[in-house]
Amino acid sequence: MRFLLRPGWLAFIAVVVGFAIACYTLLAPWQFGREAQRDAEQQAIDASYRTAPVPLAELLPAGRGVGPEVEWRQVTVSGTYLPEDEALVRLRVVDGKPAFEVLTPFRTDDGRLVTVDRGSVTTPSGAQVPAFASAPSGNVTLTARLRMNETDPEARPVFESGGHRQLYAADSRPLATATGLDLEPGYLQLAADQPGVLSPLAVATDTGAAPFTNFSYALQWLTFGAIALFAMAYFVRLELLQRRGDRKADRTALRQALAGEDPDANPNETPLADRYGRR
């Protein structure tokens, strides 16, 4: 087994063991976690349909922000839109077409500042801002779903383009920084037929993913890790068998040499010593 200490074998073993460890401690648990998260989100959505909307202040105290325990719950809130502080979320896709989401700050009757996602507007090009209806003026009452902030992995700031503020995630935090408003964490996803709604966003977690997709991916990673370990054991066994065969052949050749036998001789041919008599 000393051949396993050679650099090539050490590198091979390190790669296989590292891959198997990643499969069992990182990749598979990550997919199991995603499946559990999707299942929990779907359960929250299903429960929200069975629960009547409640006033925002009753469900979420001022300044608390939207957390996973209340996400997707339906709430009602009264107040006025602040369209001058509006922003667009770019790089969205709706029904296979590029789109923008419209985030409009909203001041509630009790003085809270929240962000309302009024829905989406499609556009011929992601660089072209289409015309869309303005938020209504005056006091309105909304029914909406509580949503947690998205996060832009690159943390890109809000910028001005086409006469509109634009950002890369439905996130009240950069909008608060850009406008100077003390917007509460999270936002309200406006329901259909509400004042100011555009094309309402779909209420779904991963509309394109089949049930148990992440669970099947997790099982695949577990299988890949096991295959890698079995393959490594198989190659080690092949190497051992080959080395044992080589040593056996070497011992046979050595015995033949010590016995004065010609290893290339015809085994059916009578040795010369027997043919003419041994001296």
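Here, the structure is the one placed above.
All figures in this text were calculated on a predicted structure; none of them were measured in a lab.

(A) Broad picture of the pairing of strand β8 (residues 164-167). Where strand β3 (residues 87-94) and β8 come together, 3 bridges link them in parallel fashion. Within β8, the position partnered with Val89 by the bridge is Leu167. With 3 bridges connecting them, strand β7 (residues 159-161) and β8 associate as antiparallel partners. Across the sheet, residue Glu160 finds its bridge partner in β8, namely Arg165. What sits between the antiparallel neighbours β7 and β8 is a turn of 2 residues, in which Gly162 has the positive phi angle 60°.

(B) Spotlight on helix α1 (residues 7-50). Taking 1.5 Å of rise per residue, 44 residues should cover 64 Å, and α1 covers 63 Å from first to last C-alpha, within 8% of that figure. Of all bends in α1, the biggest is about 45°, found at Cys23. Regarding α1, the residues found buried are Trp9, Val16, Ala20, Ala22, Cys23, Ala28, Gln31, Glu35, Arg38, Ile45 and Ser48.

(C) Structural detail: the nonpolar core. One finds Tyr81, Phe106, Leu142, Leu146 and Leu188 to be the most contacted residues of the largest nonpolar core, which totals 19 residues. The set of elements that each furnish at least two residues to this core consists of α2 (56-59), β2 (74-81), β5 (113-122), β6 (140-147) and β9 (187-190). Ranked by residue count, the leading element in this core is β6, at 4 residues. When neighbours within four sequence positions are excluded, Leu146 is seen to be in contact with Leu56, Leu59, Leu60, Val66, Val70, Glu71, Trp72, Arg73, Val75, Tyr187 and Leu188.

(D) Local environment of unusual backbone geometry. Unlike most non-glycine residues, Trp72 shows phi in positive territory, near 80°. If you trace the backbone, Trp72 turns up in the loop between α2 and β2. The phi angle at Asp193 is positive, at roughly 65°, despite the residue not being glycine. Along the chain, Asp193 turns up in the loop between β9 and α4 (213-258).

What counts and what doesn't
- Residues numbered from 1 in each chain as written.
- Predicted model: local features only at pLDDT ≥ 70, side-chain atom pairs only at ≥ 80, totals over all residues.
- Heavy atoms only, no water.
- Pairing = 2+ DSSP bridges.
- Helix = DSSP H or I, 4+ residues; strand = E, 2+ residues; numbered from the N terminus.
- Expected span 1.5 Å × (residues − 1).
- Bend = angle between axes of the 7 residues up to and from the residue.
- Buried < 20%, exposed > 50% of the residue type's maximum accessible area, 1.4 Å probe, protein only.
- Core = buried A, V, L, I, M, F, W, Y, C linked by side-chain atoms within 4.5 Å.
- Contact = heavy atoms within 4.5 Å.

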